[in-house]
Amino acid sequence: TQLLEQSPQFLSIQEGENLTVYCNSSSVFSSLQWYRQEPGEGPVLLVTVVTGGEVKKLKRLTFQFGDARKDSSLHITAAQPGDTGLYLCAVRRSNDYKLSFGAGTTVTVRA
Amino acid sequence: GAGVSQSPSNKVTEKGKDVELRCDPISGHTALYWYRQSLGQGLEFLIYFQGNSAPDKSGLPSDRFSAERTGGSVSTLTIQRTQQEDSAVYLCASSSSGGTGGFFGPGTRLTVL
């Protein structure tokens, strides 16, 4: 059983559309991170959320941490082809240093 | 260098052969991680080094896998007697002590024929 469930697994949309991807768990976490990975490269950290209910914005990307700190969402407004990639969520449990990753959502934005 | 570097970028080997994968972390980063990413799956933790402490090897899938970190900097992941199921992208990440996020290298794509 995966610690983090990401959905959908794949998402293909037209440039200019909006999209939301989800990261869910039955466990509570002190913080959660979102990464984007492009083909042939390692994941790049986008954001860390730490407070239940927290909302962070990074240009056209909006990240939300659930009130109970069990889930998170990533919303992209007016998606661009440059947003194409694998979006991964990851958590570090209390007193642990290693990150546990979800399986990711592959996002394709068509021009 | 400015970022984490890994070599080789691609490695094709025959089943049963040994391979060595190298990671050069960001200068000054005391923490170094190895992860494995298989097709369609998330990243799987393999091993963690922090300063001079004993490494956490709890993620290594079998005793064919080993890693070392020399002088608190460069790390080498060794896979002995490779099997086809070892085929994956092997990612290295480093972070400063207590850092909340790791900086990943581009990975080594290992293919075992």
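Reading guide: rules and limits
- Residues numbered from 1 in each chain as written.
- Chains lettered and ligands numbered in written order.
- Predicted model: local features only at pLDDT ≥ 70, side-chain atom pairs only at ≥ 80, totals over all residues.
- Heavy atoms only, no water.
- Contact = heavy atoms within 4.5 Å.
- Buried area = accessible area lost by both parts, 1.4 Å probe.
- Salt bridge = Lys/Arg side-chain N within 4 Å of Asp/Glu carboxyl O.
- Helix = DSSP H or I, 4+ residues; strand = E, 2+ residues; numbered from the N terminus.
- Nonpolar A, V, L, I, M, F, W, Y, C, P; charged D, E, K, R; others polar.
- Pairing = 2+ DSSP bridges.
- Axes fitted to C-alpha atoms, helices over the stretch in contact; angles between N-to-C directions.
- Buried < 20%, exposed > 50% of the residue type's maximum accessible area, 1.4 Å probe, protein only.
- Core = buried A, V, L, I, M, F, W, Y, C linked by side-chain atoms within 4.5 Å.
- Disulfide = S-S within 2.5 Å.

Trainee: Would you mind showing me how to read the interface of chain A and chain B here?
Mentor: By a frequent convention, interface size equals the accessible area lost on bringing the separate parts together. Residue-level contacts link 18 residues of chain A with 19 residues of chain B. The junction of chain A with chain B conceals about 1,400 Å² of combined surface from both sides, 52% of it contributed by carbon and sulfur atoms. When residues of chain A are sorted by the area they lose upon contact with chain B, Tyr97, Lys98 and Phe101 of chain A head the list and together hold 36% of the total. Across the contact surface, chain A and chain B share one salt bridge. Of all elements in the fold, only strand E4 (32-37), strand E5 (44-49) and strand E9 (85-91) of chain A reach the threshold of two or more residues within the side of chain A that touches chain B. Examining the composition of the side of chain A that touches chain B, we find that three residues originate from one element, E4 of chain A, more than from any other. In terms of residue class, the side of chain A that touches chain B is made up of nine nonpolar, six polar and three charged.

Trainee: I tried to follow the sheet that holds strand E6 (residues 55-58) of chain A on my own but got confused; where do I start?
Mentor: In a beta sheet, neighbouring strands pair by backbone hydrogen bonds and run either parallel or antiparallel. Residues and elements named next belong to chain A. Read from one edge of the open sheet, five strands run E1-E3-E8-E7-E6, paired in antiparallel fashion. Of all strands in the sheet, those bounded by a partner on one side alone are strand E1 (5-7) and E6. For this sheet the average axis-to-axis angle between neighbouring strands, irrespective of direction, equals 15 degrees. Direction of pairing for strand E3 (residues 19-24) relative to strand E8 (residues 71-76): antiparallel, over a ladder of six bridges. Paired with Thr20 across the strands is His75, a residue of E8.

Trainee: What's the story with the pattern of salt bridges in this structure? I'm lost.
Mentor: Should the charged atoms of two oppositely charged side chains come close, the side chains can pair. All names here are of chain A. Considering all chains together, one arrives at eight salt bridges over all chains under this definition. For Arg36, the salt bridge identified is with Glu38, shortest N-O distance 4.0 Å. Of the charged contacts, one joins Lys56 and Glu54 as a salt bridge, the two residues approaching to 3.7 Å between their closest N and O atoms.

Trainee: Could you clarify how one ought to interpret the pairing of strand E4 (residues 31-37) of chain B in this entry?
Mentor: Along any regular strand, the residues point their side chains to alternate faces of the sheet. Residues and elements named next belong to chain B. Counted residue by residue, E4 has seven buried out of seven residues, so it is predominantly covered. Of the strand pairs in this sheet, E4 and strand E8 (residues 88-95) are connected by seven bridges, and their pairing is antiparallel. For Gln37, the partnering residue across the bridge sits in E8 and is Val89.

Trainee: Looking at this model, I keep getting lost on the nonpolar core. Mind explaining?
Mentor: The tendency in soluble globular proteins is for nonpolar side chains to be buried side by side. Residue and element names in this part refer to chain A. Core analysis: the biggest nonpolar cluster contains 22 residues, and Leu19, Leu32, Trp34, Phe63, Leu74 and Ile76 have the highest contact counts within it. Counting only elements with at least two residues in this core, the list comes to E3, E4, E5, strand E7 (61-65), E8, E9 and strand E11 (105-110). Not counting residues within four places of it along the chain, the set of residues in contact with Ile76 comprises Glu17, Asn18, Leu19, Arg60, Leu61, Asp83 and Tyr87.

Trainee: Is there a simple way to think about the environment of Leu60 of chain B in this case?
Mentor: Residues and elements named next belong to chain B. Summarising the element assignment, Leu60 is placed in the loop between strand E5 (43-50) and strand E6 (65-69). Expressed as a C-alpha distance, the spacing of Leu60 and Ser94, which sit 34 residues apart in the sequence, is 18 Å. Those residues within four positions of Leu60 in sequence are excluded, and the remaining contacts are Leu46, Ile47, Phe65 and Ser66.

Trainee: Would you take a moment to explain the sheet that holds E6 of chain B for this structure?
Mentor: Residue and element names in this part refer to chain B. With antiparallel pairing, four strands are arranged side by side in an open sheet as E1-E3-E7-E6. Edge strands, defined here as strands with exactly one partner in the open sheet, are strand E1 (5-7) and E6. Across the sheet, the mean angle separating the axes of adjacent strands is 15 degrees when strand polarity is ignored. The pairing of E1 with strand E3 (residues 19-24) spans three bridges and is antiparallel. Among the inter-strand pairings, Ser7 is bridged to a residue of E3, identified as Arg22.

Trainee: Sorry, what's going on with the state of the cysteines here?
Mentor: Disulfide: a covalent bond connecting the sulfur atoms of a pair of cysteines. All names here are of chain B. One pass over the full model with this rule turns up two disulfides over all chains. A sulfur-sulfur separation of 1.9 Å characterises the disulfide bridge that pairs Cys23 with Cys92. Its S-S torsion of approximately -65 degrees makes the covalent link between Cys23 and Cys92 left-handed. In this pair, Cys23 is assigned in strand E3 and Cys92 in strand E8, connecting sequence segments 69 residues apart. The same class applies to Cys23 as to Cys92, namely buried.

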